[in-house]
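The chain contents come next:
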Amino acid sequence: MAYTTIDNPALFFNTKLYTGNGTAIASGGQNITGVGFQPDWVWIKDRSDSDRPRLFDAVRGVTKAIDSSDNTTESTLSEGLTAFGSDGFTVGNHAGVNSSSDNFVAWNWLGANGTTSNSDGSITSTVSVN
């Protein structure tokens, strides 16, 4: 199997640290910028508290979260990640993504900035691939 070299991995993956401000979406939420691209997959962890990590992706859409510490498939968080922006994302006041004064880490991956159908195999799926 041949492997390709990614000359600049920061174009496809970036870690962003931020401090929560507890701002609700109705008040604009909190814009997290400086990622360097529009992420398609964001994994957020509260480093100050024992809140469970939350994962968000462009295929499911904003407000749809995966809880990596639970056996549920997904949940809707109206105050979770609410937008993917050209240089980051916006979060509401959900404690797991924007609790006031807590320190957070967000791991961000670039997909295709869109979705496509994949019909390889017996089940057609929607994917974002880069």
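Residues numbered from 1 in each chain as written. Predicted model: local features only at pLDDT ≥ 70, side-chain atom pairs only at ≥ 80, totals over all residues. Heavy atoms only, no water.

Explain the packing of aromatic side chains residue by residue, including any values.
A full pass over the atoms with the stated rule returns 4 aromatic pairs. Centre to centre, the rings of Y18 and F89 are 6.1 Å apart; their planes meet at 70 degrees, and the pair counts as edge-to-face. One end of the pair, Y18, is in strand β1 (residues 13-19); the other, F89, is in strand β8 (residues 88-91), with 71 residues separating them in the sequence. A residue is classified by how much of its surface remains accessible, and F89, at 2% relative accessible area, is buried. Arranged with centres 5.9 Å apart and planes meeting at 80 degrees, the rings of W43 and W107 form a pair that is edge-to-face. Of this pair, W43 sits in strand β3 (residues 41-46) while W107 is found in strand β9 (residues 103-109), placing the two residues 64 residues apart along the sequence. (Phe/Tyr/Trp six-rings, centres within 6.5 Å; stacked < 30°, edge-to-face > 60°. Helix = DSSP H or I, 4+ residues; strand = E, 2+ residues; numbered from the N terminus. Buried < 20%, exposed > 50% of the residue type's maximum accessible area, 1.4 Å probe, protein only.)

Outline the environment of D40, supporting the account with residue identities and numerical values.
Within the fold, D40 resides in the loop between β2 (30-33) and β3. A relative accessible area of 5% places D40 in the buried class. Through-space distance from the C-alpha of D40 to that of D57 is 5.3 Å; in sequence the pair is 17 residues apart. For D40, the side chain forms a polar contact with the main-chain nitrogen of G111, separated by 2.6 Å. (Polar contact = N/O pair within 3.5 Å; in protein donor to acceptor, adjacent residues only side chain to side chain.)

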